[in-house]
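Structural description and commentary
Okay, here's what each chain looks like letter by letter:
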Amino acid sequence: WLCVPEALRYVGSLLDGGWPAVRAHNRALALRGREILCDALGIEAPAPASMIGTLATVPLWDGEVSPPGSALELDPLQRALFEEDRIEVPLHSWPGPPHRLVRISAHLYNRVEEYEALAKMHRDMAKSAK
């Protein structure tokens, strides 16, 4: 708790323009990441850009297996992304199995190349799932 004010000051100092610039950068990156994923999956963006902050959710193809029995269990696709390529990204069943979503987030430490790698993995796995 004691370091939070300093952490907020530090992150706000990383870009000229302070926190407004950080938020604008992160939002632009989230929108770009969403665009990359949607293009790779051949789908339209599921929500208007005006609804996006620094997180974006994209629908995926349906899973072939039942959802995890516990919140601690991972979707097999999420496990494969991490084990094969060290990509850490949350997958959620929504509105219920077998439907699922991938949620990306953006911050100053993220790069467009990371979203491109995720999109490539999803594109490749979607082809093999069909």
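Look above for the structure.
Attention in this report is confined to the structure presented alongside it. No experiment lies behind these values; they were computed from the predicted model shown.

Considerations on the pattern of salt bridges
Counted according to the given criterion, the structure contains five salt bridges. As a salt-bridge pair, Arg32 and Glu35 come within 3.0 Å of each other at their nearest N and O atoms. Here Arg32 pairs with Glu35, and both are found in helix 2 (residues 18–41), just three residues apart, close to one helical turn. A salt bridge links Asp75 to Arg100; the nearest nitrogen and oxygen atoms lie 2.9 Å apart. You can see Asp75 sitting in the loop between strand 1 (55–59) and helix 3 (76–85) and its partner Arg100 sitting in strand 3 (residues 100–105), a full 25 residues away along the chain. Taken together, the salt bridges that share partners define one network made up of Arg111, Glu113 and Glu114.

Some thoughts on the packing of aromatic side chains
Evaluation of the coordinates by the stated rule reveals zero aromatic pairs. Stacked on the ring of Phe82, the Lys or Arg Arg86 has its end atom at 4.7 Å from the ring centre.

Some words on the pairing of strand 3
In this structure, strand 1 lies alongside strand 3, joined through five bridges in antiparallel fashion. Looking at strand 3, one finds that Leu55 is bridged to Ser105. Judged from the three bridges that link them, strand 2 (residues 91–93) and strand 3 form a sheet pairing that is antiparallel. Each residue of the ladder has a partner; that of Ser93, found in strand 3, is Arg100. Counted along the chain from strand 2 to the antiparallel partner strand 3, the turn is six residues long.

Section: the packing of helix 1 (residues 4–12) against helix 2
Pairs of packed helices are described in terms of their axes, by the angle between the two and the distance that separates them. Running from N to C, helix 1 and helix 2 point in directions that differ by 70 degrees, and their axes come no closer than 8 Å. Classified by the angle between their axes, helix 1 and helix 2 sit roughly perpendicular to one another. Between helix 1 and helix 2, the residues in contact are Leu8, Val11 and Gly12 and Gly18, Trp19 and Val22, respectively. Residues belonging to the contact of helix 1 with helix 2 are distributed by class as follows: four nonpolar, two polar and no charged.

What counts and how
Numbers given to residues run from 1 along each chain, matching the order in which its sequence is written. In keeping with the model being predicted, local features are shown solely for residues with a pLDDT of at least 70 and side-chain atom pairs are shown and tallied solely at 80 or more, while totals for entire chains, interfaces and linings include all residues. With hydrogens and water set aside, each side-chain value is computed from the structure's full complement of heavy atoms. Basic side-chain nitrogens of Lys or Arg form a salt bridge, by our definition, when they fall within 4 Å of a carboxyl oxygen of Asp or Glu. Here a helix means four or more residues in a row that DSSP labels H or I, a strand means two or more in a row labelled E, and each is numbered from the N terminus. Two aromatic rings, drawn from Phe, Tyr or Trp (for Trp, its six-membered ring), form a pair once their centres lie within 6.5 Å of each other, and the interplanar angle then sorts them: stacked below 30 degrees, edge-to-face above 60, tilted otherwise. Note on geometry: a ring has a charge over it if NZ (lysine) or CZ (arginine) is within 6 Å of the ring centre and within 35 degrees of the ring normal. Only strands that DSSP links by at least two bridges are regarded as paired with each other. To get an axis, fit a line to the C-alpha atoms, keeping to the stretch in contact for a helix; angles then go from 0 to 180 degrees between the N-to-C directions. Reported orientations rely on four angle classes, namely roughly parallel under 35 degrees, roughly antiparallel over 145, roughly perpendicular from 65 to 115, and oblique for the rest. Contacts are residue-level and defined by heavy atoms, with any inter-residue pair within 4.5 Å sufficient. Here the nonpolar group is Ala, Val, Leu, Ile, Met, Phe, Trp, Tyr, Cys and Pro; Asp, Glu, Lys and Arg are the charged ones; every other residue, Gly included, is treated as polar.

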